[in-house]
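In case you want the letters, here they are:
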Amino acid sequence: MWLRIIASSMLLFFTAHAQAHIRTDPNAFTTTFTWNGGDLNHSFELCVSSVQQPNPQGNTPIDYAVEAQGPFEVVSGADSIPVTLSWDDLVSGQAATLQPNLSTAEIFTGAARYCPGGNNARLDVYASGTDIQAVPPGTYTSQFNFTATNSGRGKSSANFTVSVDITIPNSIQVTQIDDIALGTFDGNNNITRSETLCVYQANGGQYAVTLTGSGNGGAFELISAGSSVPYAVSWNDGNGAQTATAGIPLAGMGNSRSGDPQCNGGASNNATVSVDVLATDMSAATASGTHSGVLTIMVEMQ
Amino acid sequence: MTIKFFVPAIFSSALLASGLAMAASDGSMGTGASASSTGTAVITLNVPDLIKISDMNDMTINQGNSFSATDNVCVFRNLAGGYGVVAQSSNDANGAGTSGAFTLSDGGTSEVNYSVTWDGTPLTEDTAETGLTSSNTTEANCQTSGPNVALGVSATENQVGAATTATDHTDTLTVIITAE
């Protein structure tokens, strides 16, 4: 009788090894990177072994399904960035965008154990640059849990994880800059022109602005054929205008815009640069015609 | 006897066509610690040829000043350009545009002719004196330099004696300066 029991156990042991099987190699991925603009596109290739029972050699692949637990986002405190997860079948070429907590059909081509023909699947992680830009700087993380399943008997599911770690550094940009046409001197009056523009800073913090002209030593000068007309520049961050000295930073500027480097296409511009030319200086020009200069605007983090 | 002067004038050249291309540029995104972003804007200003006469005042000539008075006026001409001057009498029988005589009138039939000088140079009524140069090329109103041209009016005793009424005789003297 003991002999029958032992023989029976051996039979069960070998049967278990011959049942359906699914696994992924590797079963954990981690990606860490620092965002420097643009969309985030990152892919992981892997082997999904998915075989049918009975199959002692484990070399009869069957199709499998994939499911990922939501939400699909990376998180930093109360802020989050939506993420799109897509699954590519490297054998059939079929691709599917995954939905949170919703399994696909068994549409992906399984492989024999250890994928002797090479990896047969790829996971794509995508986040739009616009969405990334819309959140404050920081480190955004998430671990996405996946399950691959097939309909074979035996071990019919495999779990794997993908950890995404995105560091968004602070960033700054000046946009919505227009040329400034002062028009024609009327012989009597000073000329003042102002232009609004956009100062973006991801963390919405203070900044410094340095204004420099194209005259000697960066002076604010408009030039024509040896004739020079000086001008003055002021900067208003919304808290009052400050007169700029060429090449010297104006520190402590506020109201920088976060989340939108273009200030809503200019509709929400948050700074004003003004150019003032005195009638006495224009009267003293030694040449007629168009006087011009380049005003350089540099904003920097503080 | 009062002589009135009228109207400073500014003449400007046609705008010079600008060949300057507009070239504002936004800054690129700067990331990381102490990052910066730099943009540029082109600023343009048109300075035309300018000329202006100012500091003009009414003048009175009478026996007390020997029928002679001077008003120091400001002539501004930028770019060190030249100019011409024309003086017109409102009572000139020939009308504006035709040379005649500087004439004071009582409003009726009594008239007194007079003379006008521009920095000492006699002017002929409604006739351009050209080839002049302004000493002021930088201040539209001679703010610090002060007036730079002496505008003189005078009448001789014989001219005054031609009056047929003993009342004020007046004229509006219009001085036009033109950039050359």
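Here we look at the domain arrangement of chain A
Residues and elements named next belong to chain A. Entries for chain A in the domain assignment read domain 1 (19–168) and domain 2 (172–301). On a C-alpha basis, the centroid separation for the pair domain 1 and domain 2 is 51 Å. Taken together, the four residues of domain 1 in the interface contact five residues of domain 2. A breakdown of the residues in the side of domain 1 that touches domain 2 according to their chemical character gives three nonpolar, one polar and no charged.

Some details on the environment of A:Tyr64
Residue and element names in this part refer to chain A. Topologically, tyrosine 64 is positioned in the loop between strand S3 (40–51) and strand S4 (65–68). C-alpha of tyrosine 64 to C-alpha of serine 274: the two residues are 210 residues apart in sequence and 65 Å apart in space. Sequence-distant contacts of tyrosine 64, defined by excluding residues within four places in its chain, comprise Ile22, Val48, Ser50, Glu106, Phe108, Gly110, Ala148, Thr149 and Asn150.

With respect to the interface of chain B and chain A
Contact residues are listed per partner, giving 41 residues for chain B and 47 residues for chain A. For the side of chain B that touches chain A, the secondary structure elements donating two or more residues are strand S2 (30–31) and strand S3 (36–47) of chain B. For the side of chain B that touches chain A, the element with the most residues is S3(B), which contributes twelve residues. Residues belonging to the side of chain B that touches chain A are distributed by class as follows: 19 nonpolar, 18 polar and four charged. As judged from the two bridges shared by strand S12 (residues 171–175) of chain A and S2(B), these two strands associate in the antiparallel manner. Looking across to S2(B), one finds that A:Ser171 is bridged to B:Thr31.

Some points on the sheet that holds strand S19 (residues 241–243) of chain A
Spatial strand order, S19(A)-S18(A)-S21(A)-S14(A)-S12(A)-S2(B): six strands in an open sheet with antiparallel pairing. Here the strands that pair on one side only, and so sit at the sheet edges, are S19 of chain A together with S2 of chain B. Pairing of strand S18 (residues 232–236) of chain A with S19(A), which is carried by three bridges, proceeds in the antiparallel orientation. Considered in S19(A), the bridge of A:Ser234 is made with A:Thr243.

Definitions and cut-offs
- Residues numbered from 1 in each chain as written.
- Chains lettered and ligands numbered in written order.
- Predicted model: local features only at pLDDT ≥ 70, side-chain atom pairs only at ≥ 80, totals over all residues.
- Domains from an automatic or database assignment.
- Contact = placed C-beta atoms within 7 Å.
- Nonpolar A, V, L, I, M, F, W, Y, C, P; charged D, E, K, R; others polar.
- Helix = DSSP H or I, 4+ residues; strand = E, 2+ residues; numbered from the N terminus.
- Pairing = 2+ DSSP bridges.

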